[in-house]
Amino acid sequence: MDEKLISQKKPAYPINQQLYDYLTAYNRNIKIPVSYDDLLRFAGSIVVYDKKGDDTLWVRVYYSEHERDEIDLSLKKMYMILHGDGGDDSLPYLTVDAIDYCTFGNSKPFRIKIRNILNDNHTYLYIKKADASRVYGLELEHILSPNNINFLVFKDTLIEEHVLGIPGDTFISENLKNVSVRGRKRLSKEFVKFNERCVIRLLGDMRSYNYVIVASHDFDQVQYRIRAMDFDQQSYEGNLKVYFPQFFKENYQFVKMVSESLQKESVEQYKREERAAIARRILGSIERVNHLLDCMSNDTISTPEKIQQLKLDLVNYTKDKKFKACNSMGDILKVAFDFVVRNYENVNTYIIH
């Protein structure tokens, strides 16, 4: 648990033409009225503190008076493109309450708070420098997880919707102690499934502050879901442990909860359930998955050394020698998905072929 799994900052990889063509085919590549670089022209900033008075590592930025109106209008239009049909009818009822900038992490995002002045409801959107790794991660999340996710790309700018939920580190420090025994069992089940989902689709660095906990109230219980909200470490690292949330010390409380709440047989059951769910999603979107993996196979989103290490780790983990022939992260994912689907179809005797 104390092993340092990630030692260096991941570089950003540009989006190549093949990936742009994929994004265009699936309505992800859309003209937008303001770019990431436009927002970098802020005139000054102030530190944003949380409710406890601690530095959030975000700063609230402000712009010169002659630029502010244009930027506000462009951000409201961007909100309508992301969440609506891009029309101007609702623009008079929207206002930009805050523009925050974060220098922590790889993506250095802007967080935009948009409020409807008619009912005071607000939401956030994020504007980041486009990175191929993150785009692949977002697409795989949309296709293979239980959660749809909305994002757009234009040239070197990425726009993401806000992922609702309580950040995992906040949940651990403030909410976990209030979860009932039954609730802990349901949360443990979800952590096992989340852990399995991350390793199958090679989403790394799922430390507690990179995912959120979503609590849904059913008629007789509270159900939990864990959602990734940072996709920067998609298919980059060579150490297989990076793709298991269980190996990060920040997740120790969840790992401890699983060991206390679930028997080994239950853990294995939930792993099989998640693998089956992913296999069904792959088969249900097979053309889109193959199109995306073709882009990844022809793209550079890691180093030869990391690819070599990861494929050998996967041979040892799965005993599938097909990983040895992989030359890219896309190739590795193709073999991994084929492994999951093949095992699902071989085990499930109820499938009608």
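Quantities reported herein were computed from a predicted structural model and do not represent experimental measurements.

**Student:** Where do I start with the overall build of the protein chain in this structure?
**Tutor:** Each helix and strand in the protein chain was counted, giving 11 helices and 10 strands. Computed over C-alpha atoms, the radius of gyration of the protein chain comes to 21 Å, within 12% of the 20 Å expected from 2.2 N^0.38 for 353 residues, which places it in the range of a compact globule. Dimensions of the protein chain, computed from C-alpha atoms along their principal axes, come out at roughly 65 × 50 × 45 Å. Put simply, of all contacts in the protein chain between residues at least 6 apart along the chain, 69% involve residues at least 24 apart. With the model as given, the accessible surface of the protein chain reaches about 17800 Å², and the carbon-plus-sulfur share is 48%.

**Student:** It is not clear to me how the packing of aromatic side chains should be interpreted in this structure. Could you clarify?
**Tutor:** The geometry of an aromatic ring pair is captured by the separation of the ring centres together with the interplanar angle, meaning the angle of the planes. All chains considered together, the criterion is met by 15 aromatic pairs. With a centroid separation of 6.3 Å and an interplanar angle of 50°, the aromatic rings of Tyr13 and Tyr236 are classed as tilted. With Tyr13 in the segment before helix H1 (17-25) and Tyr236 in the loop between strand S10 (222-228) and helix H7 (252-261), the pair connects residues that are 223 residues apart, well separated along the chain. Ring centres of Tyr22 and Tyr26 lie 4.8 Å apart, and the angle between their planes is 45°; on these two criteria the pair is classed as tilted. By relative accessible area, Tyr26 is classed as partly exposed at 26%. Through pairs of rings, three or more aromatic residues link up here, namely Phe171, Phe191, Phe194, Tyr211, Tyr224 and Phe254.

**Student:** What is the right way to look at H7 in this model?
**Tutor:** In an α-helix there are 3.6 residues to a turn, and that puts residues three or four apart on one side. Buried residues of H7: Phe254, Met257, Val258 and Ser261, and no others. All buried residues of H7 fall inside an arc of 100° around its axis, so they share one side. What points out from H7, more than 90 degrees from its buried face, is the exposed set Ser259 and Glu260.

**Student:** Quick question: what am I supposed to make of the nonpolar core here?
**Tutor:** Soluble globular proteins: nonpolar side chains tend toward being buried together. Leu19, Phe254, Ile332 and Phe337 are the most contacted members of the largest nonpolar core, which totals 75 residues. No other element matches the nine residues that helix H11 (residues 329-347) contributes to this core. For Phe337, the contacting residues outside a window of four places in its chain are Leu140, Leu144, Ile200, Arg201, Ile282, Val289 and Leu293.

**Student:** Looking at this structure, how should I read the sheet that holds S10?
**Tutor:** Remark on secondary structure: sheet strands pair via backbone hydrogen bonds, oriented parallel or antiparallel. Read across the open sheet, the three strands follow the order S8-S9-S10; overall the sheet is antiparallel. Of all the strands in the sheet, just strand S8 (166-167) and S10 have a single pairing partner and so form its edges. In this sheet, strand S9 (residues 211-217) lies alongside S8 in antiparallel orientation, the contact comprising two bridges. In the sheet register, Ile166 faces S9, and the bridge partner there is Ile213.

**Student:** Explanation requested: the sheet that holds strand S5 (residues 122-129) in the structure shown.
**Tutor:** Spatially, the seven strands line up as an open sheet ordered S1-S2-S3-S4-S5-S7-S6, and their pairing is antiparallel. Looking at which strands have only one partner, the edges of the open sheet turn out to be strand S1 (44-49) and strand S6 (151-154). Strand-to-strand twist across the sheet, computed as the mean angle between neighbouring axes with direction ignored, equals 30°. Sheet topology places S1 next to strand S2 (residues 55-62); five bridges connect them, and they run antiparallel. Counted as the bridge partner of Tyr49 is Asp55 from S2.

**Student:** How do you make sense of unusual backbone geometry when you look at a structure like this?
**Tutor:** Generally, phi is negative for residues other than glycine and the peptide bonds are trans, each holding for most cases. For Leu57, which is not glycine, the phi torsion reads 75° and is therefore positive. Of note, Leu57 is situated in strand S2. The class of Leu57 is partly exposed, set by a relative accessible area of 43%. Positioned with a positive phi, Asp120 is a non-glycine residue whose angle comes to about 70°.

**Student:** What should I look at first to understand the packing of helix H6 (residues 181-200) against H7 in this one?
**Tutor:** The geometry of a pair of packed helices is captured by two quantities: the angle between their axes and the separation between those axes. At a closest axis distance of 9 Å, the pairing of H6 and H7 adopts a crossing angle of 115°. The element H6 and its partner H7 pack so that their crossing is left-handed. Every residue of H7 that contacts H6 at Arg184, Lys185, Leu187, Ser188, Phe191 and Val192 is listed here: Phe254, Val255, Met257, Val258 and Ser261. Looking at the contact of H6 with H7 residue by residue, the classes come out as seven nonpolar, two polar and two charged.

**Student:** When you look at the pattern of salt bridges in this model, what are you seeing that I'm missing?
**Tutor:** Pairs can form between side chains of opposite charge once their charged atoms are near each other. Within the structure shown, the criterion is met by 32 salt bridges. A salt bridge links Lys256 to Glu260; its shortest N-O distance comes to 2.9 Å. In this pair, Lys256 and Glu260 are both assigned in helix H7, four residues apart and thus about one turn of the helix distant. Among the residues examined, Lys256 registers a relative accessible area of 32% and is labelled partly exposed. Connected via shared salt-bridge partners are Lys128, Arg134, Glu160, Asp230 and Asp232.

**Student:** Explain the side chain of Glu237 to me, please; I cannot follow it from the model alone.
**Tutor:** Assignment of secondary structure puts Glu237 in the loop between S10 and H7. Residue classification places Glu237 among the buried residues on the basis of a relative accessible area of 6%. Filtering out sequence-adjacent residues up to four positions away, Glu237 remains in contact with Ile6, Gln8, Val242, Tyr243, Lys306, Leu310 and Met329.

**Student:** Looking at this model, I keep getting lost on the pairing of S9. Mind explaining?
**Tutor:** Side-chain direction in a regular strand flips from residue to residue, so the side chains alternate between the two faces of the sheet. Both S9 and S10 contribute to a ladder of seven bridges, which runs antiparallel. Its bridge partner lying in S10, Tyr211 is registered against Ala228.

**Student:** What am I meant to see in the pairing of strand S7 (residues 157-161) here?
**Tutor:** Of all five residues in S7, five are buried, a share of seventy percent or more. By the alternation rule, side chains of S7 split into Thr157, Ile159 and Glu161 and Leu158 and Glu160, which are all buried. Sheet topology note: the S5/S7 ladder contains five bridges and is antiparallel. Within the sheet, the bridge partner assigned to Lys128 lies in S7 and is Leu158. For S6 and S7, the ladder comprises four bridges, and the chain directions are antiparallel. Bridging across to S7, Leu152 finds its partner in Ile159. With antiparallel pairing between neighbouring strands as the criterion, S6 and S7 make up a hairpin whose turn holds two residues, including Lys155 at a positive phi of roughly 55°.

How each quantity is defined
Residues numbered from 1 in each chain as written. Predicted model: local features only at pLDDT ≥ 70, side-chain atom pairs only at ≥ 80, totals over all residues. Heavy atoms only, no water. Helix = DSSP H or I, 4+ residues; strand = E, 2+ residues; numbered from the N terminus. Rg over C-alpha atoms; globule rule 2.2 N^0.38 Å. Contact = heavy atoms within 4.5 Å. Areas by Shrake-Rupley, 256 points an atom, 1.4 Å probe, with all protein chains shown as cover. Phe/Tyr/Trp six-rings, centres within 6.5 Å; stacked < 30°, edge-to-face > 60°. Buried < 20%, exposed > 50% of the residue type's maximum accessible area, 1.4 Å probe, protein only. Arc of directions from axis to C-beta. Core = buried A, V, L, I, M, F, W, Y, C linked by side-chain atoms within 4.5 Å. Pairing = 2+ DSSP bridges. Axes fitted to C-alpha atoms, helices over the stretch in contact; angles between N-to-C directions. Left-handed = near helix turned anticlockwise from the far one by under 90°. Nonpolar A, V, L, I, M, F, W, Y, C, P; charged D, E, K, R; others polar. Salt bridge = Lys/Arg side-chain N within 4 Å of Asp/Glu carboxyl O.

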